[in-house]
Amino acid sequence: MARRLATLLRSWNADQEPWFYGTFGKALTHATLRASYSLTADPGPATYTNSTVILKSYNPYRIFSSDRESGIQIDQIANADLTYEKKHELNFGVDLGFLNNRINATFDIFWRNNYDLIGPTATQGVGGEIVRYANMASMKSKGQEFSLQTQNFKLRDFSWTTNLIFSHVTTEVTKLMSRARTMDLISQNGFAMVGRPYRALYSIPYAGLDEHGIPQLYTSDGEKTSTDLDFQNRDNNSYLIYEGPTDPTITGSLGNEFRYKNWRLNIFVTYNFGNVIRLDPVFRAKYSDLTAMTKEYRNRFMLPGDELRTTIPAIADLRTIQSDTYLNRAYNAYNLSTERVAKGDFIRMKEISLAYDFPLKWISKIGLTSASAKLQATNLFLIYADDKLNFEDFIAKTTPGTPAGKLTAQIFNNRTLNAEILALYNNSWGDFDVNATAGGNIFKVNNKTTTNIGLNQQMNGIQNIMNYQEQNTRENMYKKQISSLYASASLGYKHTYYLEGTLRGDKSSTLPVNNNTYVYPSVSGSFVFSEFIKNKKFINYGKIRASWAKVGSDTDPYLLALNYTTGKYSYSGYTIGMIANSTQPNKDLKPTMTGSYEVGLEMKFLNGRLGLDATYYNQNSKNQILSLASTTTSGYAYRLINAGEIQNQGVEIALNARALQIKDFAWDLGVNFSKNTNKVKSLTDGMDYFELAKAYWCGVSVKPCLAAEAGSPYCVGDGIKSLFHD
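Remember, it's a predicted structure, so these values are computed and weren't measured experimentally.

**So, the overall build of the chain**
Turning to step 1, where the next piece is worked out: The number of helices and strands found in the chain is five helices and 40 strands.
Turning to step 2, where the next piece is worked out: Partitioning the contacts of the chain with sequence separation of at least 6, the portion at a separation of at least 24 is 63%.
Turning to step 3, where the next piece is worked out: For the chain, the accessible area works out to roughly 43500 Å², and carbon and sulfur atoms hold 56% of it.

**Observations regarding a nonpolar patch on the surface**
Turning to step 1, where the next piece is worked out: A surface patch of nonpolar side chains, amounting to about 830 Å² of accessible area, comprises Trp429, Phe432, Leu491, Leu499, Val523, Trp548, Tyr597, Val599 and Tyr616.
Turning to step 2, where the next piece is worked out: Tracing the sequence through the fold places Val523 in strand β25 (residues 517-527).
Turning to step 3, where the next piece is worked out: Given the relative accessible area of 38%, Val523 is considered partly exposed.

**Some remarks on a negative patch on the surface**
Turning to step 1, where the next piece is worked out: Together, Asp221, Glu223, Asp228 and Asp230 make up a region of like negative charge exposed at the surface.
Turning to step 2, where the next piece is worked out: Mapping Glu223 onto the fold places it in the loop between β11 (215-218) and β12 (224-225).

**Some points on the side chain of Asn620**
Turning to step 1, where the next piece is worked out: Of note, Asn620 is situated in strand β31 (residues 610-622).
Turning to step 2, where the next piece is worked out: A polar side-chain atom of Asn620 sits 2.9 Å from a polar atom in the side chain of Asn618.
Turning to step 3, where the next piece is worked out: The contact partners of Asn620, leaving out residues within four places of it in the chain, are Met593, Thr594, Gly595, Glu645, Ile646, Gln647 and Lys681.

**Quick look at the side chain of Asp15**
Turning to step 1, where the next piece is worked out: Mapped onto the elements of the fold, Asp15 is located in the loop between β1 (3-13) and α1 (20-24).
Turning to step 2, where the next piece is worked out: Buried and without a salt bridge, Asp15 has Arg34 as its closest oppositely charged side chain, separated by 11 Å.
Turning to step 3, where the next piece is worked out: Side-chain polar atoms of Asp15 contact the side chain of Gln16, separated by 2.8 Å.

**A look at the pairing of strand β30 (residues 592-605)**
Turning to step 1, where the next piece is worked out: Relative to β30, strand β26 (residues 539-553) runs antiparallel, the two being bridged by 14 bridges. Among the inter-strand pairings, Ile539 is bridged to a residue of β30, identified as Phe605.
Turning to step 2, where the next piece is worked out: Bridging between β30 and β31 involves 13 bridges; their strand directions are antiparallel. For Tyr597, the partnering residue across the bridge sits in β31 and is Asn618.
Turning to step 3, where the next piece is worked out: The hairpin turn running from β30 into β31, its antiparallel successor, is four residues long, and Leu606 in that turn takes a positive phi close to 50°.

**Regarding a positive patch on the surface**
Turning to step 1, where the next piece is worked out: On the surface, a cluster of positive charge is made up of Lys550, Lys622, Lys679 and Lys681.
Turning to step 2, where the next piece is worked out: Tracing the backbone through its elements, the reader meets Lys679 in strand β35 (residues 665-682).

**What to know about the sheet that holds strand β10 (residues 206-209)**
Turning to step 1, where the next piece is worked out: Within the open sheet, the three strands sit side by side as β10-β11-β12. Their pairing is antiparallel. Since the sheet does not close on itself, it has two edges, and those belong to β10 and β12, each with one partner.
Turning to step 2, where the next piece is worked out: Pairing of β11 with β12, which is carried by two bridges, proceeds in the antiparallel orientation. By the bridge assignment for β12, Leu217 is matched with Thr225.
Turning to step 3, where the next piece is worked out: Sitting on the sheet, helix α4 (residues 327-335) is in contact with β10 and β11, with an inclination near 70° to β11.

**Some details on the nonpolar core**
Turning to step 1, where the next piece is worked out: Counting residues in hydrophobic clusters, the biggest one holds 30 residues, and the most contacted among them are Ile204, Leu240, Phe283, Leu327 and Tyr331.
Turning to step 2, where the next piece is worked out: At the level of secondary structure, the elements contributing two or more residues to this core comprise β9 (200-203), β10 and α4.
Turning to step 3, where the next piece is worked out: The element contributing the most residues to this core is α4, with five residues.
Turning to step 4, where the next piece is worked out: Discounting residues that sit within four places of it in the chain, Ile204 has contacts with Ile186, Leu217, Tyr218, Phe231, Leu240, Ala333, Leu336, Ser337 and Thr338.

**Considering the packing of aromatic side chains**
Turning to step 1, where the next piece is worked out: Following the criterion strictly, the structure yields 23 aromatic pairs and no others.
Turning to step 2, where the next piece is worked out: With 4.6 Å between their ring centres and 50° between their planes, Trp263 and Tyr356 make a pair best called tilted. With Trp263 in strand β15 (residues 263-273) and Tyr356 in strand β18 (residues 346-357), this residue pair connects regions lying 93 residues apart in the sequence.
Turning to step 3, where the next piece is worked out: Owing to a relative accessible area of 41%, Trp263 belongs among the partly exposed residues under this scheme.
Turning to step 4, where the next piece is worked out: For Tyr356, a relative accessible area of 17% gives the class buried.
Turning to step 5, where the next piece is worked out: An aromatic cluster of three or more residues is present, and its members are Phe432, Tyr493, Tyr497, Phe527, Phe529 and Phe532.
Turning to step 6, where the next piece is worked out: A cation over an aromatic ring shows up here: Arg196 above the ring of Tyr242, its NZ or CZ 4.0 Å from the ring centre.

**Focus on the layout of surface pockets**
Turning to step 1, where the next piece is worked out: Approximately 540 Å³ is the volume attributed to the second largest pocket.
Turning to step 2, where the next piece is worked out: Elements supplying a minimum of two residues to the lining of the second largest pocket: β6 (103-122), β7 (131-154) and β8 (158-176).
Turning to step 3, where the next piece is worked out: Among the elements that make up the lining of the second largest pocket, the one with the highest residue count is β7 (six residues).
Turning to step 4, where the next piece is worked out: Split into classes, the residues belonging to the lining of the second largest pocket amount to 13 nonpolar, eight polar and three charged.

**Examining the pattern of salt bridges**
Turning to step 1, where the next piece is worked out: Counted under the stated rule, the structure contains 18 salt bridges.
Turning to step 2, where the next piece is worked out: Salt-bridge contacts for Asp247 lead to Arg199; the nearest nitrogen and oxygen are separated by 3.0 Å. Highlighted residues: Asp247 in the loop between β13 (241-245) and β14 (250-260) and Arg199 in the loop between α2 (182-185) and β9, separated in sequence by 48 residues.
Turning to step 3, where the next piece is worked out: The salt bridge involving Asp506 is made with Arg504; its shortest N-O contact spans 3.0 Å.
Turning to step 4, where the next piece is worked out: Residue Asp506 is classed as buried on the basis of its relative accessible area of 6%.
Turning to step 5, where the next piece is worked out: Each of the salt bridges in this network shares a partner with another, and the network as a whole consists of Lys543, Arg545, Glu602 and Asp613.

**A short note on α4**
Turning to step 1, where the next piece is worked out: Buried within α4 we find Leu327, Ala330, Tyr331, Ala333, Tyr334 and Asn335.
Turning to step 2, where the next piece is worked out: In this structure, the buried residues of α4 make contact with β10, β11, β16 (276-278) and α3 (318-323).

**Considering the confidence of the model for the chain**
Turning to step 1, where the next piece is worked out: Chain-level statistics for the chain give a pLDDT mean of 81 and a share of 86% at 70 or above.
Turning to step 2, where the next piece is worked out: This stretch, residues 391-402, has a pLDDT under 50; its non-local contacts, to residues over four places away or in other chains, come to 41 contacts.

**Overview of the sheet that holds strand β29 (residues 583-584)**
Turning to step 1, where the next piece is worked out: Read from one edge of the open sheet, three strands run β29-β33-β32, paired in mixed fashion. The sheet is open, and its two borders are formed by β29 and β32 (625-629), each paired with just one other strand.
Turning to step 2, where the next piece is worked out: Relative to strand β33 (residues 638-642), β32 runs antiparallel, the two being bridged by five bridges. Residue Ile625 lies in a different strand from β33, and its bridge partner there is Asn642.

**Comments concerning the environment of Ile347**
Turning to step 1, where the next piece is worked out: When you line up the elements, Ile347 lands in strand β18.
Turning to step 2, where the next piece is worked out: Separated by 34 residues in sequence, Ile347 and Phe381 have C-alpha atoms that sit 9.0 Å apart.

**Structural notes on the environment of Glu652**
Turning to step 1, where the next piece is worked out: The residue Glu652 is located in strand β34 (residues 645-662) in this model.
Turning to step 2, where the next piece is worked out: Between the C-alpha atoms of Glu652 and Lys675, which are 23 residues apart in sequence, the distance is 6.6 Å.
Turning to step 3, where the next piece is worked out: Non-local contacts of Glu652, meaning those with residues more than four positions away in its chain, are made with Asp613, Ala614, Thr615, Tyr617, Phe673 and Ser674.

**Some points on unusual backbone geometry**
Turning to step 1, where the next piece is worked out: Unlike most non-glycine residues, Leu99 shows phi in positive territory, near 50°.
Turning to step 2, where the next piece is worked out: Within the fold, Leu99 resides in the loop between β5 (85-98) and β6.
Turning to step 3, where the next piece is worked out: By relative accessible area, Leu99 is classed as partly exposed at 47%.
Turning to step 4, where the next piece is worked out: Despite not being glycine, Asn607 has its phi angle at roughly 60°, a positive value.
Turning to step 5, where the next piece is worked out: With respect to the helices and strands, Asn607 occurs in the loop between β30 and β31.

Rules and cut-offs
Residues numbered from 1 in each chain as written. Predicted model: local features only at pLDDT ≥ 70, side-chain atom pairs only at ≥ 80, totals over all residues. Heavy atoms only, no water. Helix = DSSP H or I, 4+ residues; strand = E, 2+ residues; numbered from the N terminus. Contact = heavy atoms within 4.5 Å. Areas by Shrake-Rupley, 256 points an atom, 1.4 Å probe, with all protein chains shown as cover. Patch = residues over 30% accessible without salt bridge, like charges linked within 9 Å, V, L, I, M, F, W, Y side chains within 5 Å. Salt bridge = Lys/Arg side-chain N within 4 Å of Asp/Glu carboxyl O. Buried < 20%, exposed > 50% of the residue type's maximum accessible area, 1.4 Å probe, protein only. Lys, Arg positive; Asp, Glu negative; His and termini not counted. Charge placed at Lys NZ, Arg CZ, Asp CG, Glu CD. Polar contact = N/O pair within 3.5 Å; in protein donor to acceptor, adjacent residues only side chain to side chain. Pairing = 2+ DSSP bridges. Axes fitted to C-alpha atoms, helices over the stretch in contact; angles between N-to-C directions. Core = buried A, V, L, I, M, F, W, Y, C linked by side-chain atoms within 4.5 Å. Phe/Tyr/Trp six-rings, centres within 6.5 Å; stacked < 30°, edge-to-face > 60°. Lys NZ or Arg CZ within 6 Å of the ring centre and 35° of its normal. 1 Å grid on protein atoms, 1.4 Å probe; cavity = no way out; pocket = protein on both sides within 12 Å on 5 of 7 lines; lining within 4 Å. Points joined across faces, edges and corners; volume = space filled by probe spheres on them. Nonpolar A, V, L, I, M, F, W, Y, C, P; charged D, E, K, R; others polar. pLDDT = per-residue confidence, 0-100.

What follows is the structure, encoded as structure tokens:
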């Protein structure tokens, strides 16, 4: 939790001055100037900010399994020199309103200086750690944020409101005690260098393909090479090309709301600019029959001379692979080169929604104060994106391997429909307050990918699917719908006793017909016992709360039965069909049901200067839907089951205090503590242990936290064991 060490705030409401309206009239309705300065400190992630040595037990290796004993080893050496991460922030802002507040604008500009930042740094290995965490970096950032709200039209039955948000933020690393490896700097997530943005992306300079179609890169000496590359180099990385930040520098949105009588139409667009993206690392020195290749491979190097027309490397033949044991370096470097970078800029149609507010004269007859219905669609389509991220692949005529030409165009339609109807009721009778809600919701996802392929181009230079003699189309779909009914009611008495209950029922399209409807209730109550304390000098506020709830959930679609698709090849003119499932279906799947109860205490002392919030919770999940690793002889990689019962329980305590209060200066402190334990109480019938997943690397089977066993924590591992036996 961040500690706010010092804060200074000042604001000036200029519109409250006697001269304001006489000077500006109705042209400028209100004006506020703001300024603030703060110094905050953060302890950083608790996983590596240990001040003392961390010891862990282990079992030393012995020749005979019967000779077992326990030992103690150092897991992390003491790190007592760490101090808090700190941040200075200076902010200036202005709020303006024009024409009776029909136009409202807010502008902020800020400067931030972060120092003593904690991160990994390479050492001489003293103490047994080559990489150690330290206060090793400083960074400064600045930005501008602007928002504009305009009421474009306001008539009796019609209005049009526009909201614009714009944000521009830049960062610069000013100090860095780190000898980063080449691999760190060219990684997909970005890395840091002094004078560059935080999380900047760097690339190896691409030098083209050689006469065999093998990628060539430039080294730190300016020489071309395919395999003489050192990804672990820490000494000279200045030859790497700076591509840009991986975080967008410009973000924002544009929203327009149209109202006509009781109808509301909202159109919402979001945008990001200024960042770069590393394209997927799909190229390798060698492949297998299980490798999925992208459409880029169609334009790959195939014949001598192709290095002049394409930048896509060749699929190396067996002789080339065997003659150069370091060939994989060339393809790995190509994936991390300047050739494999795209701009992350986009403009997205984020949301379109239509809502209707039912007239009060309709709903008041049944005791309701408001009711509305809403139809909402999100993430409809991209208005703009980098061409490298578009999904059209053109292969010109005379291209080796496809002499007749080919066009592949993919259309992604991802749509979310959210239709809701809601009724609200609230009233008071004497000392009683009543609030009630009832409604329904339909949540529908309809994602479709359409792939159009055209073969044998008829006229040169025209990239249109209708210009191809042979045309075919494939579609992949993802459909899911949840229909819900829900209601809630709350009752309060004398602002002291509170009782609330909810009930919700869902019907999911992803579950079997016999099990696709599940209902889950909840009830909660609280008692403000401080209302009965006459002298509140010490205890100002006290509340006891308790709750019980059930929550149901479903799974992804197409997991109940076999799914079929068409294969890539045909036989005697007939299309070959195939099973598309990688997970064994389960036609008897049940929804996951999670029950929980919670009790808590909330108190405030000494006029609110000291506060305590304590909570105990217990959660039990039944019929949890899990994909288990399955033997390959079954034909499936996984099988779907309903697990038995998994329990989570824990405690959370928060303590906050105002240590110092002097006029306009305040110093607040806060401490949080939480502890959670989980346990597998039971599994499916006839099973007291199952493996969640398998992992194999370099001849070693690693199974940490990959299994569940009844009576043990949910994630149990049995260490590492060699795959090679005598």
